[in-house]
Amino acid sequence: MIVEGGKGKVGLIGTGMVGASFAYSLMQSGLASELVLVDLDEARAEGEAMDLNHGMAFVRPMRIEAGGYERLANSDVVVICAGANQRPGETRLDLLAKNAGVFEAIIPKVVAASPDAIILIATNPVDILTEISAKIAKKLPHGRVIGSGTLLDTARFRFKLGEYYDLDPRSINAWTIAEHGDNLVAAWSLANVAGLPLKDFRGPNGKILDQAAMQDIFDRTRNAGYEIIQRKQSTYYAIGLSLLRIVEAILRDQHTVMTVNMPLEGRLGVTDMSLSLPAVVGRNGVEEVLELPLDKSELAAFQAAGQVLKDRLAELTGKR
Ligand code: NAD
């Protein structure tokens, strides 16, 4: 087959809703030349490969196949979306216990099959699973095990702000950091439009930001996942695009600043946990982490998020 897409090989573990959405957007992007789909449910991975391949006549051709871990050899990036979703009545710790077990099985196989690949994790709870995975893959250079973190939350935050001001979300420099979950933190003190702090900014619709609007925008950003799950059981398109954006930065060595999570190793006072901060992402994964000059309450919330997740991980370890 003629392969005329981009350059680069991408592996994908977990071809459920999130994995398939990422695969579908990768195929349309023309970024990669090869995609390998792996799933515990082999038939599902095969079915996804067939369905995607049948659209190949309409995009820039690339190679897509399903297979075992050995097919991941020489991948540039391996994206992991495998694992369980939270079921009604299930606690986060239950979900963590389940998915930690899944990752303990997956990560050594990925590293063995493709030792030079960047490992990009989307499975929840993404922060703790990234920390666990980085420890399992400790021989990999720092920055090679990363999570999609709060990139999706940042996109949601900008969307909500854009909607409020009637402004293109891409014109809004605003970041959510810390946990992809209940301990999300909005870095309000640094948010700006063209350098104008949001407190001094008036949108094209004449609106300025007040306390009530800030609370509403933040709540809707943090709770977006719950709101969607209530309506359609799971969320997948926007996380698929978030993963695509990270993979683009890696394959094209773009040195893009984005909020992803990785082991912080003392940054902003957090050790032994992965949380999101804006980071420079390129061919080597996370190449630099930006220690934001947060205000006092944001920094306290960031550090508190780290402690909550460390406690949760310790609880899991204690339970085993
Ligand atoms: P899904 O149930 O549709 O798919 C999960 C897939 O993982 C299934 O195909 C299953 O067979 C596979 N799987 C399970 N165990 C496996 C193993 N040991 N090896 C290989 N494959 C295995 O779930 P989904 O909706 O695609 O969600 C996947 C994960 O992504 C969930 O943990 C979800 O919470 C998370 N998620 C993360 C974000 C984010 O922003 N990080 C957003 C949405 C969803």
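Provided above is the structure to which this section pertains.
Quick caveat, the model's predicted, so the values are computed rather than measured.

(A) Geometry of helix α4 (residues 126-136). Counting buried residues along α4, nine of its 11 residues qualify, which places the element largely inside the surrounding structure. Residues of α4 that are buried: Val126, Asp127, Ile128, Leu129, Thr130, Glu131, Ile132, Ser133 and Ala134.

(B) Summary view of the layout of surface pockets. In this structure, the second largest pocket encloses a volume near 410 Å³. Leu151, Thr154, Ala155, Arg158 and Arg245 are, among the 15 residues lining the second largest pocket, the residues nearest its centre. Elements supplying a minimum of two residues to the lining of the second largest pocket: α5 (151-165), α8 (237-251) and β11 (256-263). Here the lining of the second largest pocket takes six residues from α5, the largest share from any one element. Of the residues belonging to the lining of the second largest pocket, the class tally is eight nonpolar, four polar and three charged.

(C) Quick look at the pairing of strand β3 (residues 63-66). Going residue by residue along β3, you find Ile64 and Ala66 tucked away on one face and Arg63 and Glu65 left uncovered on the opposite face. Taken together, strand β2 (residues 34-38), helix α2 (residues 42-53) and β3 form a β-α-β motif whose crossover is right-handed.

(D) Main features of the packing of aromatic side chains. The final tally for this structure, using the stated rule, is four aromatic pairs. Taking the centre distance of 5.0 Å and the plane angle of 85 degrees together, the rings of Tyr165 and Phe201 count as edge-to-face. Linking Tyr165 in helix α5 with Phe201 in the loop between β10 (196-197) and α6 (211-222), this pair joins segments that are 36 residues apart in sequence. The same class applies to Tyr165 as to Phe201, namely buried. For the ring pair Tyr236 and Tyr237, a centre distance of 4.9 Å and an interplane angle of 70 degrees mean the geometry is edge-to-face. In this structure an aromatic cluster arises from ring pairing among Tyr164, Tyr165 and Phe201. Here the basic side chain of Lys232 rests over the ring of Tyr236, its NZ or CZ set 4.0 Å away from the ring centre.

(E) Molecular detail of the site of the ligand. Surveying the vicinity of the ligand reveals 26 residues, the closest of which are Met17, Val18, Asp39, Asn85 and Ala122. In the environment of the ligand, an oxygen atom lies 3.2 Å from a nitrogen or oxygen atom belonging to the backbone of Gly83. Here Ala84 contributes a backbone N or O atom positioned 3.0 Å from an oxygen atom of the ligand. Burial of the ligand by the protein chains amounts to 86% of its free accessible area of 880 Å². Secondary structure elements with two or more residues in the shell around the ligand: α1 (17-29) and α3 (92-113). The greatest single-element share of the shell around the ligand, amounting to three residues, is contributed by α3. Taken together, the residues of the shell around the ligand sort by class into 12 nonpolar, 11 polar and three charged.

(F) Structural detail: the packing of α4 against helix α9 (residues 296-319). Remark: α4 packs on α9, axes separated minimally by 10 Å, with the N-to-C direction vectors making an angle of 60 degrees. For α4 against α9, the interelement crossing comes out right-handed. In this structure, α4 uses Asp127, Ile128, Glu131 and Ile132 to contact α9, whose residues at the interface are Leu309, Arg312, Leu313 and Leu316. Residue composition of the contact of α4 with α9, by class: five nonpolar, no polar and three charged.

(G) Main features of the side chain of Glu179. Along the chain, Glu179 falls in the loop between β7 (176-178) and β8 (184-186). Within the structure, the side chain of Glu179 is placed 2.8 Å from the side chain of Asn183, a separation counted as a polar contact. For Glu179, the residues in contact, after removing those within four places along its chain, are Arg92, Asp127, Thr150, Leu184, Leu275, Leu309 and Arg312.

(H) How the structure looks around α5. The terminal C-alpha atoms of α5 lie 21 Å apart, and with 15 residues this matches the ideal 21 Å at 1.5 Å per residue to within 8%. Contacts from the buried residues of α5 go to β7, β8, α6, α7 (224-232), α8 and β11. Looking one or two places after α5, you find Asp166, whose phi comes out positive at around 60 degrees.

(I) Spatial organisation of the pattern of salt bridges. This model, assessed by the stated rule, comprises 11 salt bridges. When the shortest N-O distance is used, the salt bridge between Arg283 and Asp76 registers 2.5 Å. With Arg283 in the loop between β12 (274-282) and β13 (285-289) and Asp76 in the loop between β3 and β4 (77-80), this residue pair connects regions lying 207 residues apart in the sequence. A residue is classified by how much of its surface remains accessible, and Arg283, at 29% relative accessible area, is partly exposed.

(J) Structural view of the packing of α3 against α4. Axis separation between α3 and α4 bottoms out at 10 Å; the angle between their running directions is 30 degrees. When the interaxial angle is binned, α3 and α4 end up roughly parallel. The interaxial crossing formed by α3 with α4 has right-handed handedness. Across the interface between the two elements, Leu96, Asn99, Ala100, Phe103, Glu104, Ile107 and Pro108 from α3 touch Ile128, Leu129, Ile132, Ser133 and Ile136 from α4. Looking at the contact of α3 with α4 residue by residue, the classes come out as nine nonpolar, two polar and one charged.

So, how was this worked out
Along each chain, numbering runs from 1 in the same order as the chain's sequence is written. Owing to the predicted nature of the model, reporting of local features is limited to residues with pLDDT of at least 70; listing and counting of side-chain atom pairs is limited to 80 or more, with chain, interface and lining totals taken over all residues. Excluding hydrogens and water, the side-chain figures rest on all heavy atoms present in the structure. Buried, partly exposed and exposed residues are distinguished by accessible area as a fraction of the type maximum, computed with a 1.4 Å probe on protein chains only: under 20%, between the cut-offs, and over 50%, respectively. Secondary structure counts use DSSP, requiring at least four H or I residues in a row for a helix and at least two E residues in a row for a strand, with both numbered from the N terminus. Throughout, the protein atoms alone are placed on a 1 Å grid, and a set of points is a cavity if a 1.4 Å probe fits but cannot get out or a pocket if it is open with protein on both sides within 12 Å along at least five of seven lines; lining residues have an atom within 4 Å of a point. Grid points are joined across faces, edges and corners, and a volume is the space filled by probe spheres set on the points. Classification used: nonpolar for Ala, Val, Leu, Ile, Met, Phe, Trp, Tyr, Cys and Pro, charged for Asp, Glu, Lys and Arg, polar for all others including Gly. Assignment of crossover handedness uses the view with strands pointing away from the viewer, where a clockwise path from the first strand over the helix to the second indicates a right-handed crossover. When the centres of two rings from Phe, Tyr and Trp lie within 6.5 Å, Trp using its six-membered ring, the rings pair. Their planes under 30 degrees apart give stacked, over 60 give edge-to-face, and anything left gives tilted. In our convention, an over-ring charge means Lys NZ or Arg CZ found within 6 Å of a ring centre and within 35 degrees of that ring's normal. Near is defined per residue: the residue qualifies when any heavy atom it owns lies within 4 Å of the molecule or strand. The definition of a polar contact used here is a pair of N or O atoms within 3.5 Å, where within protein one atom must be able to donate a hydrogen and the other to accept one, and adjacent residues in sequence count solely through side-chain atom pairs. Accessible surface is estimated by sampling points in the Shrake-Rupley manner with a 1.4 Å probe; for residues, cover comes only from the protein chains shown. The convention used is that axes are lines fitted to C-alpha atoms, helices contributing only their stretch in contact, and that angles between N-to-C directions extend from 0 to 180 degrees. Crossing handedness is read from the near helix: turned anticlockwise from the far helix by less than a right angle, it gives a left-handed crossing, and turned clockwise, a right-handed one. Here a residue-residue contact requires only that any non-hydrogen atoms of the pair lie within 4.5 Å. Helix span, expected: 1.5 Å multiplied by one less than the number of residues in the helix. A side-chain nitrogen of Lys or Arg and a carboxyl oxygen of Asp or Glu constitute a salt bridge if their distance falls within 4 Å. For classification purposes, angles smaller than 35 degrees are called roughly parallel, those larger than 145 roughly antiparallel, those between 65 and 115 roughly perpendicular, and all remaining angles oblique.

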